[in-house]
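# Chain and residue survey
Here is what each chain is made of, one letter per residue.
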Amino acid sequence: QVQLVESGGGLVQAGGSLRLSCAASGRTFSSVAMGWFRQAPGKEREFVAAISWSGGSTSYADSVRGRFTISRDNAKKTAYLQMNSLKPEDTAVYYCAQSMYALTSSSAAAYDYWGQGTQVTVSS
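Throughout what follows, the structure given in this document is the object of discussion. All values derive from a computational prediction rather than experimental measurement.

### As for the overall build of the protein chain
Each helix and strand counted, the protein chain has 0 helices and 11 strands in total. Reading the helices (α) and strands (β) of the protein chain from amino to carboxyl end gives β-β-β-β-β-β-β-β-β-β-β. Computed over C-alpha atoms, the radius of gyration of the protein chain comes to 13 Å, within 12% of the 14 Å expected from 2.2 N^0.38 for 124 residues, which places it in the range of a compact globule. Summarising its shape, the C-alpha atoms of the protein chain cover approximately 40 × 25 × 25 Å along the three principal directions. Counting every position in the protein chain, which comprises 124 residues, the buried fraction comes to 44%. Residue pairs in contact within the protein chain that sit at least 24 positions apart in sequence constitute 60% of those at least 6 positions apart. Surface exposure of the protein chain reaches about 6000 Å², of which carbon and sulfur atoms provide 48%.

### Focus: the sheet that holds strand S1 (residues 3–7)
Read across the sheet, 4 strands follow the order S1-S3-S8-S7 without closing on themselves; strand pairing throughout is antiparallel. Because the sheet does not close on itself, it has two edges, and the strands there are S1 and strand S7 (68–73). In this sheet, adjacent strand axes meet at a mean angle of 15 degrees when their direction is disregarded. Bridge count between S1 and strand S3 (residues 18–25): 5 bridges; the pairing is antiparallel. Within S3, the position partnered with Leu4 by the bridge is Ala24.

### Digging into the packing of aromatic side chains
For the coordinates displayed, the defined rule picks out 4 aromatic pairs. Cluster of aromatic residues (ring-pair linked, three or more members): Phe37, Phe47, Tyr111 and Trp114. When the ring centre of Tyr95 is taken as reference, the NZ or CZ atom of Arg45 above it lies at 3.9 Å. The ring centre of Phe29 lies 4.4 Å from the NZ or CZ of Arg72, which sits over that ring.

Cut-offs applied
- Residues numbered from 1 in each chain as written.
- Predicted model: local features only at pLDDT ≥ 70, side-chain atom pairs only at ≥ 80, totals over all residues.
- Heavy atoms only, no water.
- Helix = DSSP H or I, 4+ residues; strand = E, 2+ residues; numbered from the N terminus.
- Rg over C-alpha atoms; globule rule 2.2 N^0.38 Å.
- Buried < 20%, exposed > 50% of the residue type's maximum accessible area, 1.4 Å probe, protein only.
- Contact = heavy atoms within 4.5 Å.
- Areas by Shrake-Rupley, 256 points an atom, 1.4 Å probe, with all protein chains shown as cover.
- Pairing = 2+ DSSP bridges.
- Axes fitted to C-alpha atoms, helices over the stretch in contact; angles between N-to-C directions.
- Phe/Tyr/Trp six-rings, centres within 6.5 Å; stacked < 30°, edge-to-face > 60°.
- Lys NZ or Arg CZ within 6 Å of the ring centre and 35° of its normal.

Function cannot be read off these values alone, since they describe shape.
If you want it as structure tokens, here you go:
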């Protein structure tokens, strides 16, 4: 059984930075892609970023490209999301997800395990 535990969320002013972490246990972490999604109040869950099994390939939503960076440490079974230049519209619950596949995907259907989420609030 896979467990994903996010940490690092909080309250930050616009223009600030946060680093989210996702610690995984269970299935072989190093063989599958990892992703981050977010859900703002009253909105559907949306793709933020994904990273392939090796870390050699990444993909981002247009809204965060150039501001957010996804990375992973397979030895620590942990994925990260570095968020810079945060905007109020980045406010959401952020979810870490583990893919069923080795390569990146922006579709939630490709991910079969999800964390409980961590709140990120950006004040103006």
